[in-house]
2 protein chains.
Amino acid sequence: MGTALQRTIHQLRSEDREFFQIAFSVDCVIFGFDKNELKVLLIKSDLEEFNNQWSLLGDLVKPNENLENASYRVLKERTGLDDVYLEQVYTFGEVNRHPAGRVISTAYYSLINIKDHQPKFCDNELHWHPVNEISTLAFDHKTILYTCLERLQSKIEEHPIVFNLLPEKFSLRELQNLYEAILGVKMDRRNFRKKFFLMNWLEDMNELEQDVPHRPGKLYRFNASRFSNGKVKSTPMPV
Amino acid sequence: MGTALQRTIHQLRSEDREFFQIAFSVDCVIFGFDKNELKVLLIKSDLEEFNNQWSLLGDLVKPNENLENASYRVLKERTGLDDVYLEQVYTFGEVNRHPAGRVISTAYYSLINIKDHQPKFCDNELHWHPVNEISTLAFDHKTILYTCLERLQSKIEEHPIVFNLLPEKFSLRELQNLYEAILGVKMDRRNFRKKFFLMNWLEDMNELEQDVPHRPGKLYRFNASRFSNGKVKSTPMPV
DNA sequence: GCAAAAGTGTTAGGGTTACACCCATGC
DNA sequence: GCATGGGTGTAACCCTAACACTTTTGC
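Parameters and conventions
- Residues numbered from 1 in each chain as written.
- Chains lettered and ligands numbered in written order.
- Predicted model: local features only at pLDDT ≥ 70, side-chain atom pairs only at ≥ 80, totals over all residues.
- Heavy atoms only, no water.
- Helix = DSSP H or I, 4+ residues; strand = E, 2+ residues; numbered from the N terminus.
- Buried < 20%, exposed > 50% of the residue type's maximum accessible area, 1.4 Å probe, protein only.
- Axes fitted to C-alpha atoms, helices over the stretch in contact; angles between N-to-C directions.
- Parallel < 35°, antiparallel > 145°, perpendicular 65-115°, else oblique.
- Contact = heavy atoms within 4.5 Å.
- Nonpolar A, V, L, I, M, F, W, Y, C, P; charged D, E, K, R; others polar.
- Polar contact = N/O pair within 3.5 Å; in protein donor to acceptor, adjacent residues only side chain to side chain.
- Buried area = accessible area lost by both parts, 1.4 Å probe.
- Core = buried A, V, L, I, M, F, W, Y, C linked by side-chain atoms within 4.5 Å.
- Near = heavy atom within 4 Å.
- Expected span 1.5 Å × (residues − 1).
- Patch = residues over 30% accessible without salt bridge, like charges linked within 9 Å, V, L, I, M, F, W, Y side chains within 5 Å.
- Areas by Shrake-Rupley, 256 points an atom, 1.4 Å probe, with all protein chains shown as cover.
- Salt bridge = Lys/Arg side-chain N within 4 Å of Asp/Glu carboxyl O.
- Lys, Arg positive; Asp, Glu negative; His and termini not counted.
- Charge placed at Lys NZ, Arg CZ, Asp CG, Glu CD.
- Pairing = 2+ DSSP bridges.

- The name recorded for chain A in an unreviewed UniProt entry is NUDIX hydrolase, from Niastella caeni.

## Details of the overall build of chain A
- In terms of regular secondary structure, chain A is built from 6 helices and 10 strands.
- Buried positions account for 51% of the 239 residues belonging to chain A.

## What to know about the packing of helix α4 (residues 172-183) of chain A against helix α5 (residues 189-199) of chain A
Residue and element names in this part refer to chain A.
- Between α4 and α5, the least distance of the axes is 11 Å, while the angle of their chain directions is 100 degrees. The pairing of α4 with α5 is recorded here as roughly perpendicular in orientation. Listed contacts from α5 to Leu172, Arg173, Leu175, Gln176 and Tyr179 of α4 are Arg189, Phe192, Arg193, Phe196 and Phe197.
- Residue composition of the contact of α4 with α5, by class: 6 nonpolar, 1 polar and 3 charged.

## Looking at the environment of His98 of chain A
- Along the polypeptide, His98 of chain A turns up in the loop between β5 (85-92) and β6 (103-111).
- Within the structure, His98 of chain A has its side chain in polar contact with the backbone nitrogen of Ala100 of chain A (distance 3.0 Å).

## A word on the interface of chain B and chain A
- At the junction of the two partners, chain B supplies 36 residues and chain A supplies 37 residues.
- Carbon and sulfur atoms make up 62% of the area that chain B and chain A hide from each other, which totals about 3,000 Å².
- At the junction of chain B and chain A, the tally comes to 11 residue pairs in polar contact (both at pLDDT 80 or more).
- Those elements that place two or more of their residues in the side of chain B that touches chain A are β5 (85-92), β6 (103-111), α4 (172-183) and α5 (189-199) of chain B.
- Grouping the amino acids of the side of chain B that touches chain A by side-chain chemistry returns 18 nonpolar, 9 polar and 9 charged.

## Some points on the nonpolar core
- If you look at the biggest cluster of nonpolar residues, it comprises 42 residues, and the most contacted ones within it are Ile30 of chain A together with Ile30 of chain B.
- Among residues more than four places away in sequence, those in contact with Ile30 of chain B are Lys39, Val40, Leu41, Leu57, Leu75, Thr79, Ser110, Ile112 and Trp128 of chain B.

## Re the protein's contact with DNA strand D
- The environment of DNA strand D is made up of 22 residues, and the closest members are Lys195 and Arg215 of chain A together with Arg173, Arg189 and Lys218 of chain B.
- Among the atoms of DNA strand D lying within 4 Å of the protein, the sugar-phosphate backbone contributes 44%.
- In the model, a phosphate oxygen of DNA strand D is placed 2.9 Å from a nitrogen or oxygen of the Lys218 of chain B main chain.
- Mapped onto the surface near DNA strand D, the elements with two or more residues apiece are α5 of chain A together with α5 of chain B.

## Comments concerning α4 of chain A
All names here are of chain A.
- With 12 residues, α4 should reach 16 Å at 1.5 Å per residue; the first-to-last C-alpha distance of 16 Å fits that figure.
- Of all 12 residues that make up α4, 9 are buried, and the element is covered over most of its length.
- All of the buried residues along α4 are Leu172, Leu175, Gln176, Asn177, Leu178, Tyr179, Glu180, Ile182 and Leu183.
- Following α4 by one or two positions, Gly184 adopts a phi angle in the positive range, close to 70 degrees.

## A short note on a positive patch on the surface
Residues and elements named next belong to chain A.
- Where like charges cluster on the molecular surface, the positive patch consists of Arg173, Arg189, Arg190, Arg193 and Lys194.
- Counting residues per element, the positive patch draws most heavily on α5, at 4 residues.
- Mapped onto the elements, Arg189 comes out in helix α5.
- Arg189 gets classed as exposed once you look at its relative accessible area, which sits at 52%.

## Notes on the sheet that holds strand β8 (residues 170-171) of chain B
All names here are of chain B.
- The 3 strands are arranged β8-β10-β9 in an open sheet whose pairing can be described as antiparallel. For this open sheet the edge positions go to β8 and β9 (202-208), each flanked by a neighbour on one side alone.
- The sheet contact formed by β9 and strand β10 (residues 218-222) spans 4 bridges and is antiparallel. Paired with Asp204 across the bridge in β10 is Tyr220.

## So, the pairing of strand β4 (residues 57-60) of chain B
All names here are of chain B.
- Neither face of β4 is left uncovered, since the one carrying Leu57 and Asp59 and the one carrying Gly58 and Leu60 both have all their residues buried.
- The sheet contact formed by strand β1 (residues 23-34) and β4 spans 4 bridges and is antiparallel. The residue bridging Val26 from the neighbouring strand is Asp59, located in β4.

## Remarks on the sheet that holds strand β9 (residues 202-208) of chain A
- With antiparallel pairing, 3 strands are arranged side by side in an open sheet as β8-β10-β9 (chain A). Edge strands, defined here as strands with exactly one partner in the open sheet, are β8 (170-171) and β9 of chain A.

## Let's talk about the pattern of salt bridges
- Evaluation of the coordinates by the stated rule reveals 32 salt bridges over all chains.
- Asp82 of chain B serves as the salt-bridge partner of Lys76 of chain B, at 3.3 Å between the closest nitrogen and oxygen.
- What makes Lys76 of chain B partly exposed here is its relative accessible area of 41%.
- Between Arg151 of chain B and Glu87 of chain B there is a salt bridge, and its shortest N-O distance comes to 3.2 Å. Remark: Glu87 of chain B occurs in strand β5 and Arg151 of chain B occurs in helix α3 (residues 141-155); sequence separation between them is 64 residues.
- Classification of Glu87 of chain B by relative accessible area gives buried; the value is 10%.
- Sharing partners across several salt bridges, the network here consists of Asp59, Glu65, Arg73 and Glu77 of chain A.

Take a look at the structure:
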């Protein structure tokens, strides 16, 4: 199956060990939202050490490629998407975190809209897993996943990034379901609506949901110009 | 001056370029507090490319050393201190950030108490610089410094870490001056006292300041047990 | 008409902010 | 006694959280 450098980092086998002094990789926690669940895109590991466990998508960083570009490349190769939201979270550098040798890895998370892009990779070894139902992952990927999830949770409290997980037009109910899925809490519907309208992040499309078995809700889209005009609340603690 | 691997990463010269495919380093933003100013510990760069500019303290990560240990080692070698507060912030991986070749670097910041430890390194090329008076630094170290400062600013809003910058016993005035120096804002004295006593992080030592030309203030120390018992306020946004 | 979710306002409580006077000490 | 900063309380405001009924649509 080619040389070590032709494999993705998580396919490297113990017999590749001689190639490494310190290798450097990126791992992408690719979040999606579907059926009211937060999901993460995983790939089957073919390392014997990890016996068919699932792992995050990652790859070695090339000598002439910066970290963010490496993450975009992984995303592009695996999902066909560019122009996605991407944020660096943390770098994992434990000596024995990879069985094939020393691999330091920087974790990024990205937010993509499953509905518009799922067909592009439904036929390979990738799979969307509900974040809540994941018990084990290969390597230290469970730690990486939860570190990224915590970052996402705190990020959405002040920044309008969840829109990257939704179709262009969405109802307030969908938006609230998404917040509830990410934060793992239930929220009050009236307060949620009030807060979002106060934030001034939404633009009313003057359209209604279609094909719902109940009163249809209004559709909105994220209005980036309103956000860049508006100020993000900052609380200059501690007093 | 020895081989490339014997030099610290920021002393590497262009003629060392051949050694690199990708090298990996840590950079430490070492914060201190003195004379009501937030300071950072810097070292003179001897790269000709950077013509005597100041730079952060850093070093290459060894193949059998994890990232945090590498940071502790830099701190120990340079300041004689271990057991300091240390937090990873961000990894900087631009292709051309180091003139000697490709160096990816993970930034950590640490908080140390200048007053108790300054004598240990007053005689070498290290110097404490007021953060507010820094105009340029070697490499991308100014970006690294400000990234770490922003992390510190948000961190102290919810976590009791500033005590690492103070002597064991301190007055509320000193504590407030420290918060003001880090956050770059003025705060109301009465509200500051009220909030801190509510937080329940402080233990009254029943001692007073000495040798001050005015009414002496009470001395306190941080009470870790109170903190671990107490809950940190969390605001489950966005609603 | 019935089920299901959309849409809508008010109130109480808690936290934050703004603000002024007396007190203790050194000189 | 005077200069300096320590120590203290209250009131207004804002934000958050809790809470129930009517409306619209599909079936």
